[in-house]
Amino acid sequence: MKNNEAVIRFEHVSMQFPGVLANDDVSLEIRRGEVFALIGENGAGKSTLMNILYGIQTPSSGEVWIKGKRVEQYDPRIVIEQGVGMVHQHFMLVPSFTVAQNIVLSREPRKHKIFFDNAAAEAAARKLEAEYGLTVPETEAVEDISVGLQQRVEILKALYRGAEILILDEPTAVLTPQETEELFSVIRRVVRDKGMTVIIITHKLDEVMAISDRVGVMRKGRLVGIHETKDVDAAKLASLMVGRPVIFDELIRSGEPGATALRVEHLQVSDHRGLPAVRDLSLELRAGEILGIAAIEGNGQSELIEAITGMIPVRSGRVTVLGREVTGLEPGEIRAAGLAHVPEDRLATGISGLATVADNLLIGRQREPRFNRFGIQQNRKAIRDYAQEVYQRYDIRGAGVDSLAGDMSGGNMQKVVIAREFSFDTPVLVISQPTRGVDVGAIEFIHSRIMEKRNQGAAILLSSADLDEVFRLSDRIITLFEGEITGTFRAGEISKEDVGLYMTGSKRQGGQEA
Amino acid sequence: MSEFEKILSTVFSVGTLQQMLRSATPVALAAIGGSMTEHAGIMNIGMDGMILMGAFFGVLGSFLGQSALAGLGLALLIGVLVGLFFALLVVRYKSDEFIIGCALNTFALGLTSYLSRSVFGNNGTKGNPALPALHLPFLSKIPILGPMLNDQSLFVYLTWIVVLLAWLFVYKTPYGLWLRASGEKPDTLRTAGISPKRMQWIASLLCGILCALAGAHLSLGQLSGTFAENMSNSRGYIAFACVIFAAAHPGKAYLAALMFGFFEAIGLRLQSYVSADLTNTIPYLITIIMMVYVVARKQQRKKKLARA
């Protein structure tokens, strides 16, 4: 087959789940030897479409053609044999197996027909490594190697199975900027040298611009546009994704940093297994500034924030809010001292899904006299009026304040959490993952609210897995590696790539105070 | 010879070692079966019931067919059925494995007791055709080891073969890789085009068969054609402890079972000197000590990780 020929064809593919039309009459051709980016908000149907291609799901109607042959039976085994490989967002690797064992799993080399030939498996892995220039420690257990290496194992696994078409599902979500760059050069190499076809699912628009030849945009289950990447820009793609213009306004900063509002001194915190997670960490946060934490997941940022906000115990050290020591106090007491908290996991700790939106907005204020009669009976009307007002002010969209919070979309749930915490008007805000899994439109709204708070003089500690977000919002950035601060920077003083070096501990500033 | 020396010489004799092998065998067979389900990610608490079913139907088959082989055959058939039934509920219908295991134990106890009374009357049954002990002449020439290993039930020797086969299966074949993957990360196996559920079915089936063999050994090998109510006597739980202790490694599970066999044998010997009620607690005490060791080992590993 020559280039530009359709290697995959979706013809009028629809997928009906109970109550949701996940894919709605999607027709799409992927050409041999191209990098095709598939973008869309959460729930737009990208993953469903790729699961159909990979044979995990059977479409309700429509057809899929792979290399000119119609898929008769949706089964990963058959699709793999036709040369489709998929690197899932959550890696499909067995942690206790070696790298080589993971690569050959399901197609193991054998001796005497029934025995597994480990030596041959390692040899096969080495051969692939040499062929594609992807080095991995083939004899080590997967649980002992880094996330970036694990992703390479996933790619090698697909190649071992003879993949010519590689689907990458959100491949950069867990990678540092360096690892992302390495991944992209691997993609370019396999496309150029081996004539492979790559489909990459993502919501990071700059990555679409950097790596893809063509881009398909999905919205609410429909494919709303296919473009040559060179003909579009990030802003255009963003508005196509959301279905209305999204203006990435430069966020306006005003005011000067004031007095220190939050002080952390020599903090030591253990994680849930009892291992040290935060090691002798000190930082200062001033009024009217945003201090962003840049760290790869699992480097102590969650424990740092939970210890400051009183969610988990402090082993040693001091936390001071507005000059008052709050170390070891209950979350409610710390809130009263002037600190509000947007927790990282909205479903687990941010909202109560079984309570109404109004009740969720009320939490923390339920004892205020205006919502009570004689301190025992709720004043439902006052609560409802208050919730209604906040609901509108924060542009929450759903079935109203009397509906269950658990029935809302992720973005609106997050707005409920933000609205509740911001409406306390505390001098200190600790915000974790403010826009994880939230659509582009809501991200804009939340970012501008955070900036508004900053300009009004709030001291904001921000932690986010999204490095772009940290860079966009922060006045200062600290990098954490294994529970220690490895660097402190003023925004604009450092590039994302350099920050990546501090996040992986390969670089470190002299002092460790922020 | 002082009293103390007399006790010592009874306790540490070739007879004790012979008894150790005898006692260890049913626990070992069940533990190897349990290793299969453990690798497949199923917490199988129901082995005791599986053993009991094997023990009863072994004797029933022997009674009806007037042949030990008929007994063994019926025990195996029941083992297959119980294994499949367990898989049907746990794998196919995704019921809670803990509850199903408990239910299986209670059900097996009730069913075998009821059937035993209906068929054999209130005193159970004795002296049905049993599997003979094997006398291997070449063994009798070796001191200590010879008498220890000789004149044992067929199952004692069979267990060694089972350990070897299980170890080869789990660690040296592709199917073993699939089995372990089905427990540790089933989605990985599924996306590789292999059904993790199929591996769990196979593991349940193997566990059912091996537990039935363990039961058949109890009633047809060790006790020459006898069935008594609740004769599994919690060996399934001890086997489960062996599985956890050995991290589901068949060889290590066998060694753990040997340890139980050893202490049970000592307990039996001590009964002439100490109350039987007290000596009967020994296997359970050992279980507790083993579990403490497992926890301690885990914590040590954690500390090592923390230092690294």
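Reference entry: report on the structure contained in this document. (Residues numbered from 1 in each chain as written. Chains lettered and ligands numbered in written order. Predicted model: local features only at pLDDT ≥ 70, side-chain atom pairs only at ≥ 80, totals over all residues.)

Description of the overall build of chain A
Working step 1: Scanning chain A from terminus to terminus reveals 17 helices and 24 strands.
Working step 2: For a compact globule of 514 residues, the expected C-alpha radius of gyration is about 24 Å, and chain A comes in at 25 Å, within 12% of that figure.
Working step 3: With the C-alpha coordinates of chain A rotated into their principal frame, the extents come out at 75 × 50 × 45 Å.
Working step 4: Every one of the 514 residues in chain A was classed for burial, and the buried ones make up 45%. (Helix = DSSP H or I, 4+ residues; strand = E, 2+ residues; numbered from the N terminus. Rg over C-alpha atoms; globule rule 2.2 N^0.38 Å. Buried ≥ 20, exposed ≤ 12 C-beta atoms within 10 Å, placed from the backbone.)

Remarks on the sheet that holds strand 9 (residues 165-169) of chain A
Residue and element names in this part refer to chain A.
Working step 1: Spatially, 6-9-10-3-11-12 is the arrangement adopted by the 6 strands of the open sheet, whose pairing is mixed. Two strands lie at the open edges of the sheet, namely strand 6 (84-87) and strand 12 (222-228), each paired on one side alone. Put simply, the sheet's adjacent strands are angled 20° from each other on average, direction ignored. (Pairing = 2+ DSSP bridges. Axes fitted to C-alpha atoms, helices over the stretch in contact; angles between N-to-C directions.)

A look at the pairing of strand 10 (residues 197-202) of chain A
All names here are of chain A.
Working step 1: Burial runs high along strand 10: 6 of the 6 residues are buried.
Working step 2: The side-chain alternation of strand 10 yields two buried faces, one formed by T197, I199 and I201 and the other by V198, I200 and T202.
Working step 3: Pairing between strand 9 and strand 10: 5 bridges, direction parallel. Note on strand 10: the bridge partner recorded for L166 is V198.
Working step 4: Since strand 9 and strand 10 lie parallel, the crossover through helix 6 (residues 177-194) that links them has a hand, and here it is right-handed. (Right-handed = clockwise from strand over helix to strand, strands pointing away.)

Some details on the nonpolar core
Working step 1: By size, the foremost hydrophobic cluster in this structure holds 160 residues, and its most contacted members are B:A31, B:L210 and B:C242.
Working step 2: Residue contributions to this core peak at 15 residues, all from helix 10 (residues 196-222) of chain B.
Working step 3: When residues no more than four places from it in sequence are discounted, the contact partners of B:L210 are B:L29, B:A30, B:I32, B:G33 and B:V162.
Working step 4: Counting 76 residues, the second largest nonpolar core, distinct from the first, contains A:L285, A:I296, A:I334 and A:I446. (Core = buried A, V, L, I, M, F, W, Y, C linked by C-beta atoms within 7 Å. Contact = placed C-beta atoms within 7 Å.)

Some thoughts on the environment of B:F57
Residue and element names in this part refer to chain B.
Working step 1: Residue position: F57 is located in helix 3 (residues 47-65).
Working step 2: According to the C-beta neighbour criterion, F57 is buried, with 29 such atoms within 10 Å.
Working step 3: Placed 36 residues apart in sequence, F57 and L21 show a C-alpha to C-alpha distance of 23 Å.

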